[in-house]
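# Coordinate inspection notes
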Amino acid sequence: GNLQQALDMVQKALSSNPCNEDGKMLEAQMLKHLDRLDQASHSYMSLFVFQEGQSMLPVDYQRLHLGAIQFLADYFKSNQKETLAIEILKLGIEIGKGEKVSSQKVLSLLFDAEEFGLCLTLLQQEAHFIQDADHYLNLGKIYILLNKAPAALKTLQVGVKKYPNDPEIKQLYQALLADLGV
C-alpha cells in the first residue's frame, strides 16, 4: 500500500539523482520492510560506492556504511553465506570506531565460527550502547574461551550485581569461581 507508493516515489527521485546517499538508504530500508531482501541487499551494497566529498550536503558516511553493514551481515548469515557475513563485519569493526555493528544473530555466527577475538571486539564496542544481561553473559563466555579468566570473573561479577535474578549469569559466575578454586 502506502509503503510501496513511497518506495516508487523514492526510486523515481533516485532515477534522476542516483548519487543521493540518503535516498539510497531510504530505498534500502523500505525494501527491507517490504521483505524484498535481495533487492534491499543490492541497495545497501550500493551505499559503499559513496565517498566523502561527493555530495554538496553534509553526509554521515560512517552512519550510512554501518547501517548497510548491519543489514548485510544479517542478510548473508540468513542466506548461509557465513564467510561473507564475517568479512562484512570485519569491515564494520574497521570503520565503526565504537558504533554498534552487530546483532545477537551475527554474534552467534561468529561464536559458532570460533571467531572469538572478533566477538570480543564487537562486544567491547557495544558496551557503549548495550549493557544488558546478555551482554555480560556473552562477554564473560568469550573471555573464558580466550583463557582470560580474570577479565571473565570481573565481567560476570558486574553482571551478577546488575542482574541478580539472571540465572545464566549467576550459574556461569559460580562455575568459574569453582573452576578457579575461589
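Relevant structure appears above.
Residues numbered from 1 in each chain as written. Predicted model: local features only at pLDDT ≥ 70, side-chain atom pairs only at ≥ 80, totals over all residues. Heavy atoms only, no water.

Across all of its chains, the model carries three aromatic pairs by this definition. Centre to centre, the rings of Phe 71 and Tyr 75 are 5.7 Å apart; their planes meet at 20 degrees, and the pair counts as stacked. Placement of both Phe 71 and Tyr 75 in helix H4 (residues 61–78) is noted, with a separation of four residues, approximately one turn of the helix. Just as Phe 71 is buried, Tyr 75 falls in that class too. (Phe/Tyr/Trp six-rings, centres within 6.5 Å; stacked < 30°, edge-to-face > 60°. Helix = DSSP H or I, 4+ residues; strand = E, 2+ residues; numbered from the N terminus. Buried < 20%, exposed > 50% of the residue type's maximum accessible area, 1.4 Å probe, protein only.)

Examined against the element boundaries, Gly 92 turns out to sit in helix H5 (residues 82–96). Judged by its relative accessible area of 0%, Gly 92 is buried. Taking the C-alpha atoms as reference, Gly 92 lies 9.3 Å from Ala 68; in sequence the two are 24 residues apart.

With their axes 9 Å apart at the nearest point, helix H8 (residues 133–145) and helix H10 (residues 167–180) run at an angle of 25 degrees to one another. It follows that H8 is roughly parallel to H10 by the angle criterion. At the point where H8 passes H10, the crossing takes the left-handed sense. Residues Ala 133, Tyr 136, Leu 137, Lys 141 and Ile 144 of H8 form the contact with H10, whose participating residues are Glu 168, Ile 169, Leu 172 and Leu 176. Broken down by class, the residue content of the contact of H8 with H10 amounts to seven nonpolar, no polar and two charged. (Axes fitted to C-alpha atoms, helices over the stretch in contact; angles between N-to-C directions. Parallel < 35°, antiparallel > 145°, perpendicular 65-115°, else oblique. Left-handed = near helix turned anticlockwise from the far one by under 90°. Contact = heavy atoms within 4.5 Å. Nonpolar A, V, L, I, M, F, W, Y, C, P; charged D, E, K, R; others polar.)

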